[in-house]
Amino acid sequence: MTSPEAASEASPPARASWRDGLLVYLQRRVLVVLLLGFSAGLPFSLAGQTLQAWMTESGVDIKTIGLFAFVGTPYWTKVFWSPAVDALDIPVLSPWLGRRRAWLLLTQVLLLVSIVLLAYCDPRSSPLGVAFAALLVTTASATQDIVIDAFRVESLGENEQAAGMASYVAAYRIAALVSGAGALLLVSAFVKYGFDQQKAYSATYIAMAVLIVVGMLATVLGVEPESSVLASAEHTGPGHDKAWQRLVNVAIASLKDFLSRDAAVAILLFVVLFKLADAMAVARNTTFALKIGFTRVELAAILKGVGFAAALLGGFAGGIVARSFPLSTSLWIGGILQAVAILPFSWQAIVGNNAAWLTFAITAEQFTAGLGTVTFVAYLSALCGNPLHTATQYALLTALTALGRTVFAAGSGYLAEATGWFGYFLVCAASAIPSFILLAYLQRRGHFETLGSLKS
């Protein structure tokens, strides 16, 4: 007899109406995740592009500025302290707000304080102080990411997961734009009103710190997930472990849970490889565009204009896809589209400096990347089903996903030189094939039947 889960994968799902698909974005839980996405995206540029601009205009040596890439280390090492978010309760805050929301508020307060601290640093006289403050910002930001991911997975219902992720991605991108291009425009405005450069940047960073209140508002308006409440009860129940014991147990249990699953190695490899093609293409598309004759202004206009809009629309399209189809089908749609969308860059290598075609290529890539990201994160969320270590498992999965844009993309320059631009983007598109093989293998093993569908 076919199980209900198998039937949901084998037969077409009951289609949600367009009205239901739109109304889900207005659910309180989804709106809270939307606000948290803004809080998560805001610090990213403040410790990256905006800080680089501040240091450059302050006359800091280019070699020193290059070393500041290390302040982003917490974003890919966060997996090492993620068990603390699952295992430890925050004194005073946890009894008041609950386990997840207490961690959220703590990281948001730390973010606000560290951004203000960075605002009062001077890159010219104290680059070391700037580095320390920026590292505090990224550490608090990475920890907030851990908590938000766990809160989102645990608080949203199955029919809200895709919409929640689409909302989160859209708000994250908007916040990154606000703290990037928006912050630089604000600096220019302060200078116009008589501020010197140092004071203009300081005032801008303080204004950005105030925007963290958006995340705090989401924390207050949010409701502690029921699964988190039950997990917290275990921390204080009879025979409960001490905090340090829970910390060790969570780290070990998270790893055991993954390795004990059927086809565990295939699952982890699929997580690593699904976004590889897109990561490889994005790693070199800016260099490619500049090499074939486009200016920085032209490229920025396309990326920040139609590219940004396409990414937002792609994210919401991904939410509709993930809600309307079984999880495995959603991954096929997202994976194939983001691989095919790389091919226009190969044609760009032939037509050369053609602004209309570059606009099409970037629009296609950004739209499908947004769609693929939402469907993929819906899958990652489905993998993290145990509230005792949601944060740890999700941090591990996102760290594996980051390998494509960090480790594997590191040699992309050598590959582009060896193959030429036309061949390079063909290879990028072809690099999606191993993930398709793994997806077919996992589907045949019944992997997605155990996860169930992410829609109602």
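This structure is a prediction, so every number in the text was calculated from the model and none was measured.

As for the overall build of the protein chain
Point 1. A count of helical and extended segments in the protein chain gives 25 helices and zero strands.
Point 2. Taking all 456 residues of the protein chain together, 52% fall into the buried category.
Point 3. Restricting the contact set of the protein chain to residue pairs at least 6 apart, pairs at least 24 apart contribute 83%.

Observations concerning the packing of helix α3 (residues 28–46) against helix α11 (residues 161–192)
Point 1. Contact geometry of α3 with α11 gives a least axis separation of 6 Å together with a crossing angle of 35°. Crossing handedness for the pair α3 and α11: right-handed. Along the contact surface, α3 presents Val 30, Val 33, Leu 34, Leu 36, Gly 37, Phe 38, Ala 40, Gly 41, Leu 42, Phe 44, Ser 45 and Leu 46, while α11 presents Ala 163, Gly 164, Ser 167, Tyr 168, Ala 171, Tyr 172, Ala 175, Ala 176, Val 178, Ser 179 and Gly 180.
Point 2. For the contact of α3 with α11, the residue count by class is 16 nonpolar, seven polar and no charged.

Brief notes about the packing of aromatic side chains
Point 1. Scanning all chains against the criterion turns up 20 aromatic pairs.
Point 2. Relative to Tyr 205, the ring of Trp 54 lies with its centre 5.1 Å away and its plane at 40°, an arrangement referred to as tilted. Of this pair, Trp 54 sits in helix α4 (residues 49–57) while Tyr 205 sits in helix α12 (residues 197–210), placing them 151 residues apart in sequence.
Point 3. The interplanar angle of 45° and the centroid separation of 5.7 Å between the aromatic rings of Tyr 379 and Phe 448 together place this pair among those described as tilted. Placement of Tyr 379 in helix α21 (residues 355–383) and of Phe 448 in helix α25 (residues 447–451) is noted, with a sequence separation of 69 residues between them.
Point 4. For Tyr 379, a relative accessible area of 0% puts it in the buried group.
Point 5. Feature note: the residues Phe 270, Phe 274, Phe 376, Tyr 379 and Phe 448 constitute an aromatic cluster, connected by ring pairs.

So, a nonpolar patch on the surface
Point 1. The grouping of Ile 336, Val 340, Leu 343, Trp 347, Ile 350, Val 351, Phe 422 and Leu 426 at the surface amounts to a nonpolar patch, some 670 Å² of accessible area in total.
Point 2. Listing elements by their share of the nonpolar patch, those giving two or more residues are α19 (327–340), α20 (343–351) and α23 (412–430).
Point 3. Among the elements that line the nonpolar patch, the one with the most residues is α20, at four residues.
Point 4. Among the structural elements, Trp 347 can be located in helix α20.
Point 5. Residue Trp 347 is classed as partly exposed on the basis of its relative accessible area, which comes to 43%.

Section: the nonpolar core
Point 1. Within the largest apolar cluster, 116 residues are counted, with the highest numbers of intra-cluster contacts made by Leu 51, Tyr 205, Phe 270, Tyr 379 and Leu 383.
Point 2. Setting aside residues up to four positions removed in sequence, Leu 383 forms contacts with Phe 258, Arg 261, Ile 267, Val 271, Gln 393, Leu 397, His 447 and Leu 451.

Some thoughts on the environment of Gln 366
Point 1. The topology assignment puts Gln 366 in helix α21.
Point 2. On the basis of relative accessible area, Gln 366 is assigned to the buried category, the value being 16%.
Point 3. Distance from Gln 366 to Ile 342, taken between C-alpha atoms, is 10.0 Å for residues 24 residues apart in sequence.

Notes on the environment of Ile 212
Point 1. By the element assignment, Ile 212 lies in the loop between α12 and α13 (213–221).
Point 2. Dropping the residues within four chain positions of it, Ile 212 is found in contact with Ser 39, Leu 42, Gln 108, Leu 111, Leu 112 and Ile 115.

What counts, and where the lines are drawn
- Residues numbered from 1 in each chain as written.
- Predicted model: local features only at pLDDT ≥ 70, side-chain atom pairs only at ≥ 80, totals over all residues.
- Heavy atoms only, no water.
- Helix = DSSP H or I, 4+ residues; strand = E, 2+ residues; numbered from the N terminus.
- Buried < 20%, exposed > 50% of the residue type's maximum accessible area, 1.4 Å probe, protein only.
- Contact = heavy atoms within 4.5 Å.
- Axes fitted to C-alpha atoms, helices over the stretch in contact; angles between N-to-C directions.
- Left-handed = near helix turned anticlockwise from the far one by under 90°.
- Nonpolar A, V, L, I, M, F, W, Y, C, P; charged D, E, K, R; others polar.
- Phe/Tyr/Trp six-rings, centres within 6.5 Å; stacked < 30°, edge-to-face > 60°.
- Patch = residues over 30% accessible without salt bridge, like charges linked within 9 Å, V, L, I, M, F, W, Y side chains within 5 Å.
- Areas by Shrake-Rupley, 256 points an atom, 1.4 Å probe, with all protein chains shown as cover.
- Salt bridge = Lys/Arg side-chain N within 4 Å of Asp/Glu carboxyl O.
- Core = buried A, V, L, I, M, F, W, Y, C linked by side-chain atoms within 4.5 Å.

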